[in-house]
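Understanding the architecture of this molecule
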Amino acid sequence: MTLAPRRFETAELTEIRVREPRRITDGWRSRNRRELVGADGRLLIVAADHPARGALGVRGDGLAMASRAGLLDRLVVALSRPGVDGVLGTPDILDDLLLLGALEDKVVIGSMNRGGLQGAAFELDDRFTAYTAEEIAARRLDGGKMLVRICLDDPATAATLEASAHAVTGLAGHEVMAMVEPFLSVRDGDRVRNLLDPDSTIRAVQIATGLGATSRHTWLKLPVVADLPRVMAATTLPTLLLGGDPTGPADETYASWAAALDLPSVRGLVVGRALLYPPDGDVAAAVDTAAALVHGGGR
């Protein structure tokens, strides 16, 4: 039996996990799926894979995403809004959303490599610790996402590139999307910093697009950076723009998204914290604004 989206108590989910874990297996098998993209060829995906990397902060609140009930409630609201195509998450979150009935007729992207924990000495050793290509296919998900941080001074980058290439090849073999999120990265003391200037982004794009034995199902996930038209000229791959941890006024963020979405290879947004934790707390309104930008009516 599939639960309809509604407000809930986390105890209900725990009870199902204790007594009826098979409902997760059965739910993935029976979930109603949809085409990856609709007539406009665009996607609005809500991202919810941050917690598995230990990244719980939003706008300076280091534990903003610590409550699983709070996060799930925001996700259910977001996924219920028209124009939201789907969600990106780790197995724990996606299984919860499945039990809540929130994934029917939605695009579901599984997050694959979450081993590079935020702030860890091994942060750039970004091992694949969540979904595999085989599990994504078995559970009838619509794609897999991988973070590819390229640090020329860290030998762990080589293993990340190799594992990502295998994942791209494996996902393509199952005819599902490989969503690749590349950055050139450096270490500043004990922190990893992604280089967000146009030239560094272009180099990261060129490296990422060559991963795997085929690029036929590869999409990119990129930040909104300066001189984005020149950045996007570096690839023919369809690209979704990420939101990141919001810092400025929401209107400025929306304006930058609107300008970027005018580029032909930019096919939508993958946004988490900016939509799920807006400054005014109105998740539905934030999501509706993004949906209008992606699918029309707000540009």
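So, a few notes on the structure that sits alongside this text.

Quick notes on the rules
- Residues numbered from 1 in each chain as written.
- Predicted model: local features only at pLDDT ≥ 70, side-chain atom pairs only at ≥ 80, totals over all residues.
- Heavy atoms only, no water.
- Buried < 20%, exposed > 50% of the residue type's maximum accessible area, 1.4 Å probe, protein only.
- Helix = DSSP H or I, 4+ residues; strand = E, 2+ residues; numbered from the N terminus.
- Axes fitted to C-alpha atoms, helices over the stretch in contact; angles between N-to-C directions.
- Parallel < 35°, antiparallel > 145°, perpendicular 65-115°, else oblique.
- Left-handed = near helix turned anticlockwise from the far one by under 90°.
- Contact = heavy atoms within 4.5 Å.
- Nonpolar A, V, L, I, M, F, W, Y, C, P; charged D, E, K, R; others polar.
- Polar contact = N/O pair within 3.5 Å; in protein donor to acceptor, adjacent residues only side chain to side chain.
- Pairing = 2+ DSSP bridges.

Before going further, it helps to spend a moment on helix H4 (residues 91-99). Within H4, 7 of the 9 residues are buried, which leaves the element mostly enclosed by the surrounding structure. All buried positions along H4 are accounted for by Ile93, Leu94, Asp95, Asp96, Leu97, Leu98 and Leu99. Downstream of H4 by one or two residues, Gly101 has phi in the positive range, about 75 degrees.

This paragraph deals with the packing of helix H3 (residues 68-80) against H4. At a minimum axis distance of 11 Å, the contact between H3 and H4 shows a crossing angle of 60 degrees. When the interaxial angle is binned, H3 and H4 end up oblique. With respect to the hand of their crossing, H3 and H4 are arranged in right-handed fashion. Counted together, Arg68, Leu71, Leu72, Leu75, Val76 and Leu79 of H3 and Asp92, Ile93, Asp96 and Leu97 of H4 form the full contact between these two elements. Grouping the amino acids of the contact of H3 with H4 by side-chain chemistry returns 7 nonpolar, no polar and 3 charged.

By secondary structure assignment, the location of Arg149 is in strand E4 (residues 143-150). Looking at Arg149, its side chain comes within polar contact range of the main-chain oxygen of Gly116, at 3.4 Å. Within the structure, the side chain of Arg149 is placed 2.8 Å from the side chain of Glu123, a separation counted as a polar contact. Excluding its chain neighbours within four sequence positions, the residues that come into contact with Arg149 are Arg53, Gly116, Glu123, Leu124, Asp126, Thr157, Phe183, Ser185, Val192 and Asn194.

Right, let's talk about the pairing of strand E7 (residues 218-222) for a bit. The element E7 is largely enclosed, with a buried count of 5 among its 5 residues. Side-chain alternation along E7 places Thr218, Leu220 and Leu222 on one buried face and Trp219 and Lys221 on a second face that is also buried. Here 3 bridges tie strand E5 (residues 177-188) to E7, and the two strands are oriented parallel to one another. What sits directly across from Ala178, in E7, is Thr218. Here 3 bridges tie E7 to strand E8 (residues 239-242), and the two strands are oriented parallel to one another. Residue pairing across strands places Leu222 opposite Leu241, the latter belonging to E8.

So far we have only geometry, and geometry alone does not tell us how the molecule works.
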